[in-house]
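Each chain, letter by letter, is given below.
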Amino acid sequence: MTLTIDALVDSNVIIAALAGDHEHHVSSADLFDAGRGPMLGVAAHSYAEAYSTLTRRGTHAPFRFTAEEAWAALESLRAVTQLIGLTPSQTFDTVRSYAADGGIGPRLYDRMIGETAVANGIPAIVTWNIGHMRALFPTLNVRTPRDFLKAA
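Fair warning: this is a prediction, and the values are worked out from it, not measured in the lab. (Residues numbered from 1 in each chain as written. Predicted model: local features only at pLDDT ≥ 70, side-chain atom pairs only at ≥ 80, totals over all residues. Heavy atoms only, no water.)

1. Re the side chain of D110
You can see D110 is positioned in helix α6 (residues 107-119). Buried and unpaired, D110 has R107 as its nearest opposite-charge partner, separated by 4.5 Å. (Helix = DSSP H or I, 4+ residues; strand = E, 2+ residues; numbered from the N terminus. Buried < 20%, exposed > 50% of the residue type's maximum accessible area, 1.4 Å probe, protein only. Lys, Arg positive; Asp, Glu negative; His and termini not counted. Salt bridge = Lys/Arg side-chain N within 4 Å of Asp/Glu carboxyl O.)

2. A look at the layout of surface pockets
Looking at the largest pocket, its volume works out to about 290 Å³. Residue lining of the largest pocket: 16 residues in total, with S11, N12, E49, D110 and N129 positioned closest to the centre. Those elements that place two or more of their residues in the lining of the largest pocket are α1 (11-18), α3 (44-55) and α6. (1 Å grid on protein atoms, 1.4 Å probe; cavity = no way out; pocket = protein on both sides within 12 Å on 5 of 7 lines; lining within 4 Å. Points joined across faces, edges and corners; volume = space filled by probe spheres on them.)

3. A short note on the sheet that holds strand β2 (residues 40-43)
The sheet built from 5 strands is open, its strands ordered β3-β2-β1-β4-β5 with parallel pairing. The open sheet is flanked by β3 (82-84) and β5 (141-143), the only strands paired with a single partner. Sheet twist, expressed as the mean angle between neighbouring strand axes with direction ignored, is 30°. Across 2 bridges, the pairing between strand β1 (residues 7-9) and strand β4 (residues 124-126) is parallel. (Pairing = 2+ DSSP bridges. Axes fitted to C-alpha atoms, helices over the stretch in contact; angles between N-to-C directions.)

4. Digging into the nonpolar core
Formed by 27 residues in total, the largest nonpolar core has its most connected members in V9, I14, L31 and F32. Considering each element in turn, this core owes the most residues, 6 residues, to α1. (Core = buried A, V, L, I, M, F, W, Y, C linked by side-chain atoms within 4.5 Å.)

5. Overview of the pattern of salt bridges
What the rule picks out here adds up to 3 salt bridges. In this structure, R111 engages D101 in a salt bridge whose closest nitrogen and oxygen atoms are separated by 2.9 Å. Placement of R111 in helix α6 and of D101 in the loop between α5 (88-100) and α6 is noted, with a sequence separation of 10 residues between them. R111 gets classed as buried once you look at its relative accessible area, which sits at 9%. By relative accessible area, D101 is classed as exposed at 56%. Its salt-bridge partner being R111, residue E115 comes within 3.6 Å of it at the nearest N-O pair. Taken together, the positions of E115 and R111, both in helix α6 and 4 residues apart, correspond to about one turn of that helix. Residue E115 is classed as partly exposed on the basis of its relative accessible area of 23%. One continuous salt-bridge network, built from bridges that share partners, spans D101, R111 and E115.

6. Considering the side chain of T94
Position of T94 among the secondary structure elements: in helix α5. T94 gets classed as buried once you look at its relative accessible area, which sits at 4%.

7. Regarding the pairing of β2
Of the two faces of β2, the one lined by L40 and V42 and the one lined by G41 and A43 are each fully buried. Across 3 bridges, β1 lies against β2 in parallel orientation. Its bridge partner lying in β2, V9 is registered against V42.

Written out as structure tokens, the structure reads:
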């Protein structure tokens, strides 16, 4: 049996869904309501990115989850999504092509999400970084959680 994944969810949506004081919390959390119907995937590396952001400390740390809180929150989303990934070779090739294109910094994570969608035949990405994702992957359907749910 092959599962059809309707959309791959960006880590910024995961973070917003889990952090109650995030400006996009309600719209993001609604996406993960198991009764809604669309099958959602999360790229494996997005869990690491979300965990890092949720548990960050210092002056630019808006959420400050403990390790236990962050892990429990991520597990709750894992229970209603499909884990999707790139092979080790695909991961390395994505970093190589990003570097060859002159890419620097954290947009690499956006590139990896898009490449995961393409490699796995997932037609859509749900993100709050519409401009970044559309610029990187103009052939994919890129929507905010709100717009994705309206169209589903």
